[in-house]
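# Analysis of the macromolecular model
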Amino acid sequence: MSNQTIFSLQGRTALVTGSSRGLGRAMAEGLAVAGARIIINGTDPSRVDETVAEFRAAGHQADAAAFDVTSEEAIKNAFAALDTAGIEVDILVNNAGIQYRKPMIELETADWQRVIDTNLTSAFVIGREAAKRMIPRGYGKIVNIGSLTSELARATVAPYTVAKGGIKMLTRAMAAEWAQHGIQSNAIGPGYMLTDMNQALIDNPEFDAWVKGRTPSRRWGKPEELIGTAVFLSSSASDYVNGQIIYVDGGMLAVL
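Since the structure is predicted, the reported quantities are computational estimates derived from the model, not experimental observations.

## Focus on the overall build of the protein chain
- Of the regular secondary structure elements, the protein chain holds nine helices and seven strands.
- In summary, the protein chain has a C-alpha radius of gyration of 18 Å against a globular reference of 18 Å for 256 residues, a match within 12%.
- Counting only C-alpha atoms, the protein chain reaches 50 × 40 × 40 Å along its principal axes.
- Across the 256 residues that make up the protein chain, the buried fraction comes to 49%.
- For the protein chain, contacts bridging at least 24 residues in sequence account for 73% of all contacts bridging at least 6.
- Approximately 11900 Å² of the protein chain is accessible, and the part contributed by carbon and sulfur atoms is 52%.

Now the structure itself:
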C-alpha cells in the first residue's frame, strides 16, 4: 500500500463538531483535502450553511448538520436525519468546546456544568451515537480533542481542565470497549493555538511572552498544524493505534 493510499480518506464521511470556525474548521478542511466528505456542525444554522457553501465552492463534498452538542435530543435527531439521508459517519471528530475563566471559589455550578456538558459529555453522547452505527459495519474512527490541560492544570480554568482530563480517559474507555469492533478511538491535544477563543490571551503581552518562552518552538501553534495528526488518526495509517492522545504543542509538555 502506498503512502498516498494509506492516508487517503476517499469514500469516507467525517462529522466534525464545531467545524464552522476555528480548529474544527481547519481540521475539516484538512480531512476534505484528503478526500473525505465533511458534515459541518455548529449551533448557528446560517454560519453552518455558509461554511458548507465555501467548502463546496472549493471543490469539496460537504453537508450541514446544525445542532447543539449539549442537547441529547438534538444529537439523536441529527443522527436520525443522517440515517434517513443514507449518510454513514465513518469518522467522528469531537471538537466542539468552550472556555470559561474564573477562580474556582467564585465559580457558579451552572457555569461549571455548561463547560463539562459542552467539552466532555457531548463527546460521550455523540461518540455513543456514532459507535452504535459503526459497530455493525466493523469500522470507524473517533478523534476526540483534548488539551494540554488533559495533563496539567492552570488556575481559573477548572471546569475546562476537568473536562479535558476527562476526554483523555473517555478516549481510553472508548478504546477499551470498541476496539474489538474495528473502531479506533484516539485524541489530539493541541497546545496554545492562534484561535478566536484564545484572542484575549494572544493580545495580552505578558501571557504571549509566557507562551513563547514556555514553548520550545517559541511560538503559538497555527490551526492548520493539527491537520496532519487529524488525517493520520482518521485514516488507515492508524488502524492499530487506539486509546492514545497525541500532543501537538510545539514541545511544551516535553520540557520543564
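## Some points on the pattern of salt bridges
- By the definition in use, this model includes 19 salt bridges.
- Put simply, E129 and R133 hold a salt bridge, and the shortest N to O gap is 3.4 Å. Taken together, the positions of E129 and R133, both in helix α5 (residues 109-137) and four residues apart, correspond to about one turn of that helix.
- E129 gets classed as buried once you look at its relative accessible area, which sits at 5%.
- Among the residues examined, R133 registers a relative accessible area of 22% and is labelled partly exposed.
- One salt bridge in this structure joins D208 and K212, with 3.1 Å as the shortest N-O distance. Residue D208 and its partner K212 are located together in helix α8 (residues 205-214), separated by four residues, close to a single helical turn.
- A residue is classified by how much of its surface remains accessible, and K212, at 35% relative accessible area, is partly exposed.

## Concerning the sheet that holds strand β6 (residues 183-190)
- What the seven strands build is an open sheet, ordered β3-β2-β1-β4-β5-β6-β7; its pairing is parallel. Lying at the two open borders of the sheet, with one neighbouring strand each, are β3 (62-66) and β7 (245-248). Taking the axes of each pair of neighbouring strands and ignoring which way they run, one obtains an average angle of 20° across the sheet.
- Here five bridges tie strand β2 (residues 37-42) to β3, and the two strands are oriented parallel to one another. Within β3, the position partnered with I38 by the bridge is A62.

## Remarks on the packing of helix α4 (residues 72-84) against α5
- The N-to-C vectors of α4 and α5 enclose an angle of 25°; their axes lie 10 Å apart at closest approach. In terms of orientation, α4 lies roughly parallel with respect to α5. Every pair of crossing elements has a handedness; the one defined by α4 and α5 is right-handed. Of the residues in α5, those in contact with E72, I75, K76, F79, A80 and D83 of α4 are V125, I126, R128, E129, A130 and R133.
- Grouping the amino acids of the contact of α4 with α5 by side-chain chemistry returns six nonpolar, no polar and six charged.

Thresholds applied
Residues numbered from 1 in each chain as written. Predicted model: local features only at pLDDT ≥ 70, side-chain atom pairs only at ≥ 80, totals over all residues. Heavy atoms only, no water. Helix = DSSP H or I, 4+ residues; strand = E, 2+ residues; numbered from the N terminus. Rg over C-alpha atoms; globule rule 2.2 N^0.38 Å. Buried < 20%, exposed > 50% of the residue type's maximum accessible area, 1.4 Å probe, protein only. Contact = heavy atoms within 4.5 Å. Areas by Shrake-Rupley, 256 points an atom, 1.4 Å probe, with all protein chains shown as cover. Salt bridge = Lys/Arg side-chain N within 4 Å of Asp/Glu carboxyl O. Pairing = 2+ DSSP bridges. Axes fitted to C-alpha atoms, helices over the stretch in contact; angles between N-to-C directions. Parallel < 35°, antiparallel > 145°, perpendicular 65-115°, else oblique. Left-handed = near helix turned anticlockwise from the far one by under 90°. Nonpolar A, V, L, I, M, F, W, Y, C, P; charged D, E, K, R; others polar.

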